[in-house]
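Geometric and topological summary
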Amino acid sequence: MTLRIILADDHPIVRSGVRTLLENHSQTSVVADVSSPAELIEAIHAHPCDIVLTDFSMPGGQVADGLHMLGLIRRRWPTLPVIVLTMVNNAGVLNAILATGVRGLLGKSDALTELTLAVQAVSHGRDYLSSAIRKTLDIARAGASLSAQPVLSKRETEVLRLFASGFTVSEIASQLNRSVKTISRQKMDGMAKLGLKSDLDVYAYAREHGMLT
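Since this is a predicted model, take the numbers as computed values, not measurements.

We now examine helix H8 (residues 169-176). For H8, the set of buried residues is Val169, Ile172, Ala173, Gln175 and Leu176. Seen end-on, H8 carries its buried residues on one side only, within an arc spanning 165°. Where H8 is buried, its residues contact helix H3 (66-76), helix H7 (154-164) and helix H9 (180-194). Asn177, located one to two residues past H8, shows a positive phi value of around 55°.

Right, here's the structure in full:
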């Protein structure tokens, strides 16, 4: 049986390369190819599919990217398997992605060698983590056992990631359908946990800890 896949990434070259990888495999077919969270939601509505393969960070449109987008897909289509391709290498963000219920998680650098393996595993009901993702999570777990690290909530992680990506507190509130007061509090709580004193500290932390794509 041919697996029907919806592919989402805001970079045309990445989409083209991933599509070629998938369609070189005789058991897969890309039924929709989109570039934003809003287009992805529309495509899932319009095209029956077996797997969604999506980037984590796709700015633009009325639907927020990242954890909000993945949570929305999970709520509307709870049985639809999702595989995430990402350049994020922060263990806290990766664990937050996994907590949304995605079935596969790969670094973009792993796609060439592991994408078809991930698709096949997920299509047979198994979860799949790429080798680079497993290594990042293993290192983080080992480090956590040696010294207590501050743990951000999923919402704090997403707010700080979006803020460091250039969104204002008001824009984040609009995208995530929360109040400005709530977003401001989550931003300040996250900064306090990490010992960050200024917005510049947030940008620096996000860059240094792989929270940005």
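Next comes the rest of the description.
Turning our attention to the side chain of Glu114. In this structure, Glu114 sits in helix H5 (residues 111-123). Among residues more than four places away in sequence, those in contact with Glu114 are Leu106, Tyr128, Leu129, Ser130 and Ser131.

As a further point, take unusual backbone geometry. One non-glycine residue, Asn177, lies in positive phi territory at about 55°. Mapped onto the elements, Asn177 comes out in the loop between H8 and H9. The exposed category is assigned to Asn177, whose relative accessible area is 65%.

This paragraph deals with the sheet that holds strand S2 (residues 28-34). The strand order across the open sheet formed by 6 strands is S2-S1-S3-S4-S5-S6, and the pairing between neighbours is parallel. Every other strand in the sheet has two partners, leaving S2 and strand S6 (128-129) as the edge strands with one partner each. One ladder, built from 6 bridges, connects strand S1 (residues 3-8) with S2; its direction is parallel. Counted as the bridge partner of Ile5 is Val30 from S2.

At a minimum axis distance of 11 Å, the contact between helix H2 (residues 37-46) and H3 shows a crossing angle of 15°. Comparing the axis directions of H2 and H3 gives the class roughly parallel. Here H2 and H3 pass one another in a crossing that is right-handed. Here H2 contributes Pro37, Leu40, Ile41, Ile44 and His45 to the contact with H3, which in turn contributes Met69, Leu72, Ile73 and Arg76.

Moving on, we get to the packing of aromatic side chains. One pass over the full model with this rule turns up 1 aromatic pair. When the centroid spacing of 5.7 Å and the interplanar angle of 5° are considered together, the rings of Phe163 and Tyr203 count as stacked. With Phe163 in helix H7 and Tyr203 in helix H10 (residues 199-208), this pair connects stretches of sequence that are 40 residues apart. Judged by its relative accessible area of 8%, Phe163 falls in the buried class. According to the relative accessible area criterion, Tyr203 is partly exposed, its value standing at 28%. Taking NZ or CZ as reference, Lys187 lies 4.6 Å from the ring centre of Phe163, over its face.

Next up on the list: the pattern of salt bridges. In total, this model carries 10 salt bridges according to the counting rule given. A salt bridge links Arg15 to Asp33, with the nearest nitrogen and oxygen atoms 2.5 Å apart. Remark: Asp33 occurs in strand S2 and Arg15 occurs in helix H1 (residues 12-23); sequence separation between them is 18 residues. With a relative accessible area of 30%, Asp33 lands in the partly exposed category. Of the charged contacts in the structure, one is a salt bridge between Arg19 and Glu23, with a shortest N-O distance of 3.3 Å. Here the residue Arg19 and the residue Glu23 both occupy positions in helix H1, the gap between them amounting to 4 residues, near one helical turn. In this structure Glu23 comes out as partly exposed when scored by relative accessible area, which is 40%.

What counts, and at which threshold
- Residues numbered from 1 in each chain as written.
- Predicted model: local features only at pLDDT ≥ 70, side-chain atom pairs only at ≥ 80, totals over all residues.
- Heavy atoms only, no water.
- Buried < 20%, exposed > 50% of the residue type's maximum accessible area, 1.4 Å probe, protein only.
- Helix = DSSP H or I, 4+ residues; strand = E, 2+ residues; numbered from the N terminus.
- Arc of directions from axis to C-beta.
- Contact = heavy atoms within 4.5 Å.
- Pairing = 2+ DSSP bridges.
- Axes fitted to C-alpha atoms, helices over the stretch in contact; angles between N-to-C directions.
- Parallel < 35°, antiparallel > 145°, perpendicular 65-115°, else oblique.
- Left-handed = near helix turned anticlockwise from the far one by under 90°.
- Phe/Tyr/Trp six-rings, centres within 6.5 Å; stacked < 30°, edge-to-face > 60°.
- Lys NZ or Arg CZ within 6 Å of the ring centre and 35° of its normal.
- Salt bridge = Lys/Arg side-chain N within 4 Å of Asp/Glu carboxyl O.

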